[in-house]
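Structural overview for review
This is what each chain is made of:
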Amino acid sequence: MGSISDETVEENADAPTYVPSLPVPNVQELVKEDPLQVPDRYVRDQDDILQVNDMSWLSSEIPIIDLSLLSKGDKEELNKLDLACKEWGFFQVVNHGVAKKVLQDMKDATTEFFELPLEEKNKYAMPPDDIQGYGHAYVVSEDQTLDWSDALILVVYPAQYRKLKFWPSTPKGYKDIIEAYSKGVKDVGVELLRSFSTIMGMDQDALLGLHEELVQALRVNYYPECSRPDQVLGISPHSDTSTITILMQEHDKHGLQIKHNGGWVPVKPIPDALVVNVGDVIEILSNGKYKSIEHRAVTNESKERISYASFLVPRDDVEIEPLDHLVDSQSTQKMYKKVVYGEYLRSSMKRRMEGKAHTQMAKVET
Ligand SMILES: O=C(O)CCC(=O)C(=O)O
Ligand SMILES: [Fe+2]
């Protein structure tokens, strides 16, 4: 594999465009200027963050799936996957085959990138009319409560969708590291989609085929430390508009929480494991059997946290609706309307992230 050279930065005509977001302050800089300030725009209604819904004791119940067993078609592991998707919508994957070094290089280079001075990072600033680059997405109104985070967002697959002008060339080799990490995640994703096809009663390659082309986007979330973690959220509660999301977190920092039985359950990092969640596409295809679960990230008082979310999604023109055979087997009606994926995705970007409000729009009114 050759390296991604610095010369290939001209605009790519095949690259899709996305919905813009309003400009907001860089949170990392706010903290640098005054570690104690928490501007009003970031302060949540206390009901939003209260610990009364704390269900941390359930963390150890979040399923752990062995990908090497799934790949062999192990029945028991496939059952575990089915249960995980029905009951949790989230699980952690071990024995996924992505080399430790690939994961570690990604963490090291990314940490270095975020430590660069703002002007350096801003060479890759997200323009007002795009969602790729370094900045903030999903800001749609001046009076929306803001998330305590900055992000670097890149479309990585298919390669012809890339906009390389947003791929940082510092630290040295970062582009190749992003590519190697994304390739690893893609292989895991393909393997998982095969197993998802199986548990959804289809040929192994059915889901991949339905995507026409597997599109993969990377969102690196940077959550600076916050002097008042009880007042802010790193990322608002939302469900992912993806088919599945594959997330790497740092092993020594907590932040991700998922909604379960009305409470918030932290996903405790397991070293080198990847966190996977069912996205809205699987929820719709499965007619709600598998749920795209609401999740959020909280901040830490003394440490910044970085998370790496890879979203696997269908091509824009693919139509998504509940699979006929699943509707029949559940002997219920179709719970979701047909949506064109690209329209669904873009309309979600025009809203602020707000729980399951967007999936709700695809629901058939009853
Ligand atoms: O930081 C995390 O753990 C969650 C990130 C997330 O949910 C997202 O980027 O969609
Ligand atoms: Fe998410």
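What this report covers is the structure whose coordinates are included nearby. Just so it is clear, the model here is predicted, and its values are computed rather than measured. (Residues numbered from 1 in each chain as written. Chains lettered and ligands numbered in written order. Predicted model: local features only at pLDDT ≥ 70, side-chain atom pairs only at ≥ 80, totals over all residues. Heavy atoms only, no water.)

With that out of the way, let us pick up the sheet that holds strand S10 (residues 274-278). Spatially, 8 strands are ordered S1-S2-S10-S7-S12-S5-S4-S3 in an open sheet, and the strand pairing comes out mixed. The open sheet is flanked by strand S1 (64-66) and strand S3 (133-135), the only strands paired with a single partner. Mean inter-strand twist for the sheet, computed between neighbouring axes without regard to direction, equals 25°. Note that S1 and strand S2 (residues 90-94) share 3 bridges and pair parallel. For Ile64, the partnering residue across the bridge sits in S2 and is Gln92. In the packing of helix H5 (residues 100-115) onto the sheet, the strands contacted are S3, strand S4 (150-157), strand S5 (215-223), strand S7 (244-249) and strand S12 (305-313), and the crossing angle to S12 comes to about 115°. Running at roughly 130° to S7, helix H7 (residues 174-199) makes contact with S2, S4, S5, S7, S10 and S12 of the sheet. (Pairing = 2+ DSSP bridges. Helix = DSSP H or I, 4+ residues; strand = E, 2+ residues; numbered from the N terminus. Axes fitted to C-alpha atoms, helices over the stretch in contact; angles between N-to-C directions. Contact = heavy atoms within 4.5 Å.)

Now for the coordination of the iron ion (ligand 2). Bound to the iron ion (ligand 2) on the protein side are His238 (NE2), Asp240 (OD) and His295 (NE2), at distances that span 2.1 to 2.3 Å. One chain supplies every donor to the iron ion (ligand 2), and in sequence these donors are spaced H-x1-D-x54-H. Of this pair, His238 sits in strand S6 (residues 235-238) while His295 sits in strand S11 (residues 295-297); the two residues are 57 residues apart in sequence, bridging distant segments of the chain. You'll find His238 and His295 in the same group, each marked buried. (Donors = N, O, S within 2.8 Å, 3.2 Å for Na, K, Ca; no water. Buried < 20%, exposed > 50% of the residue type's maximum accessible area, 1.4 Å probe, protein only.)

Let us look at the pairing of S5. By the criterion of burial, S5 is predominantly enclosed, with 9 of the 9 residues buried. Residues Val215, Ala217, Arg219, Asn221 and Tyr223 of S5 are buried on one face, and the alternating residues Gln216, Leu218, Val220 and Tyr222, pointing to the opposite face, are buried as well. When S4 meets S5, the two strands line up antiparallel, connected through 7 bridges. Each bridged residue has a counterpart across the sheet, and for Asp150 the counterpart in S5 is Tyr222. Across 9 bridges, the pairing between S5 and S12 is antiparallel. Within S12, the residue paired with Val215 across the bridge is Val313.

Turning to the packing of aromatic side chains, a few remarks are in order. By the definition in use, this model includes 8 aromatic pairs. Note on Tyr42 and Trp148: the rings are 5.3 Å apart at their centroids and 85° apart in plane angle, and the pair reads as edge-to-face. With Tyr42 in the loop between helix H1 (27-33) and helix H2 (46-49) and Trp148 in the loop between S3 and S4, the pair connects residues that are 106 residues apart, well separated along the chain. The pair formed by Tyr42 and Trp148 is uniform in burial state, with each residue classed as buried. Seen from their ring centres, Phe114 and Tyr222 are 4.8 Å apart, and the 20° between their planes marks the pair as stacked. Residue Phe114 is found in helix H5, and its partner Tyr222 is found in strand S5; the two are separated by 108 residues along the sequence. Of the residues examined, Phe114 reaches a relative accessible area of 1% and is grouped as buried. For Tyr222, a relative accessible area of 9% corresponds to the buried category. Ring pairs connect the aromatic residues Phe113, Phe114, Tyr124, Tyr134, Tyr174 and Tyr222, which therefore count as one cluster. If you follow Arg162 out to its NZ or CZ, it ends over the ring of Tyr157, 5.3 Å from the centre. (Phe/Tyr/Trp six-rings, centres within 6.5 Å; stacked < 30°, edge-to-face > 60°. Lys NZ or Arg CZ within 6 Å of the ring centre and 35° of its normal.)

Everything listed is a geometric property; what it means functionally is a separate question.
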